[in-house]
Amino acid sequence: MDVREMFLDQHAAVHSVAVGGNKMSAAERAFTGLTEAQMRVRPREDLNSLAWLMWHIARAEDIIVNTVLSGRAQVFDDTWMKRLGIGRRDFGIGMTSPEVTDLTRQIDLGALREYRDAVGLRTRDVVKSFKAEDWEGQVAAEAVERAAADGAFGVRREMLAKAFPSRPRAAVLSGIALFHSAGHMGEAATVRTAGGFGTGV
């Protein structure tokens, strides 16, 4: 198994079956078999909703894989913003609790699921086209600035514009598209348990 195959195998584990073909993925356990009301529950003020978590990990993957690492347009655009029913271009870092609640109430869940799948499929297309040199090198400051200028980092623009440049490309790819998603799916299990609707296992 080469690095590309390993990445795609792990990526399938954090996306829906429609993206990676893994019926037992963490995403399937975290986000399926739920009502709309359950997707929007915040069991405690210190916990996010499942809807917010899905939006956050999808936006982070879209921004970093496409704008920062690939130098291409995100999946997200004005059409997706309208379909999702939200008015934000960032990925939610630094949001206040009331803002999390507002997004949770507003977002169209059917569109959200379609958006996250579209992001996952795009990531797989990007990685399948990688040449050996695309795994190497560091994140370019200009790419991060492009994302920042497009509103991708919200209130944490200054911090993130400094955090990503010069990091190894492969580490940022796996950090955002794999580990970041997996970490928040652990959070999703906590939300499901605290909400009283099971862990999804």
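Computed from a prediction, not measured in an experiment: that's the story for all the values here. (Residues numbered from 1 in each chain as written. Predicted model: local features only at pLDDT ≥ 70, side-chain atom pairs only at ≥ 80, totals over all residues. Heavy atoms only, no water.)

Enquirer: Which residues make up helix H7 (residues 97-106), and what values do they have?
Expert: Where H7 is concerned, the buried positions are Val100, Leu103 and Thr104. Along H7, the residues classed as buried sweep out an arc of 105 degrees about the axis, all on the same side. Those residues of H7 that are exposed and angled more than 90 degrees off the buried face are Pro98 and Arg105. Summarising the contacts, the buried residues of H7 are in contact with helix H5 (50-70). (Buried < 20%, exposed > 50% of the residue type's maximum accessible area, 1.4 Å probe, protein only. Helix = DSSP H or I, 4+ residues; strand = E, 2+ residues; numbered from the N terminus. Arc of directions from axis to C-beta. Contact = heavy atoms within 4.5 Å.)

Enquirer: I'd love a proper account of unusual backbone geometry, names of residues and values included.
Expert: Positive phi values are uncommon outside glycine, yet Ser166 reaches one of about 75 degrees. The residue Ser166 is located in the loop between helix H10 (157-163) and helix H11 (169-195) in this model.

Enquirer: Explain helix H1 (residues 3-12) to me, and be specific about the residues and the numbers.
Expert: Every α-helical turn comprises 3.6 residues, leaving residues that sit three or four positions apart pointing alike. Along H1, the positions that sit buried rather than exposed are Phe7, Leu8, His11 and Ala12. Seen end-on, H1 carries its buried residues on one side only, within an arc spanning 130 degrees. Against helix H2 (17-20), H5, helix H8 (109-128) and H11 lie the buried residues of H1. The opening residue of H1, the one whose side-chain oxygen lies 3.2 Å from the backbone nitrogen of Arg4, is Asp2. (Polar contact = N/O pair within 3.5 Å; in protein donor to acceptor, adjacent residues only side chain to side chain.)

Enquirer: Tell me about the packing of aromatic side chains, residues and numbers included.
Expert: On inspection of all chains with the given rule, the structure shows 7 aromatic pairs. Arranged with centres 6.3 Å apart and planes meeting at 65 degrees, the rings of Phe7 and Trp135 form a pair that is edge-to-face. Placement of the pair is Phe7 in helix H1 and Trp135 in the loop between H8 and helix H9 (141-149), with a sequence separation of 128 residues. Their ring planes at 55 degrees and their centres at 6.0 Å tell us that Trp52 and Trp55 sit as a pair that is tilted. Of this pair, Trp52 and Trp55 both sit in helix H5, 3 residues apart, which is roughly one turn of the helix. Of the two residues, Trp52 and Trp55, both sit in the buried class. Positioned above the aromatic ring of Phe164, the side-chain terminus of Arg167 is 5.8 Å from the ring centre. (Phe/Tyr/Trp six-rings, centres within 6.5 Å; stacked < 30°, edge-to-face > 60°. Lys NZ or Arg CZ within 6 Å of the ring centre and 35° of its normal.)

Enquirer: Quick one: what's the story with the pattern of salt bridges, residue by residue and with numbers?
Expert: In total, this model carries 8 salt bridges according to the counting rule given. For Arg44, the salt bridge is made with Asp46, and the minimal N-O distance between the two is 2.9 Å. With a relative accessible area of 43%, Arg44 lands in the partly exposed category. Accessibility expressed as a relative area gives 56% for Asp46, which makes it exposed. With its nearest N and O atoms 2.3 Å apart, the salt bridge here joins Asp78 to Arg89. Within this pair, whereas Asp78 is found in helix H6 (residues 78-84), its partner Arg89 is found in the loop between H6 and H7, the two being separated by 11 residues in sequence. Overall, the relative accessible area of 52% leaves Asp78 in the exposed class. Relative accessible area serves as the criterion here: at 30%, Arg89 is assigned to the partly exposed category. Where salt bridges share partners, they join Arg88, Asp90 and Glu99 into one cluster. (Salt bridge = Lys/Arg side-chain N within 4 Å of Asp/Glu carboxyl O.)

Enquirer: Go over the nonpolar core with me, naming the residues and quoting the values.
Expert: Within the largest apolar cluster, 62 residues are counted, with the highest numbers of intra-cluster contacts made by Phe31, Leu50, Leu84, Ile107, Phe153 and Leu173. Tallying contributions element by element places H5 first for this core, with 14 residues. Residues within four places of Ile107 in sequence aside, it is in contact with Arg40, Ala51, Trp55, Leu84, Ile86 and Leu112. (Core = buried A, V, L, I, M, F, W, Y, C linked by side-chain atoms within 4.5 Å.)

From the geometry alone we can't say anything about function, so treat these as descriptive.
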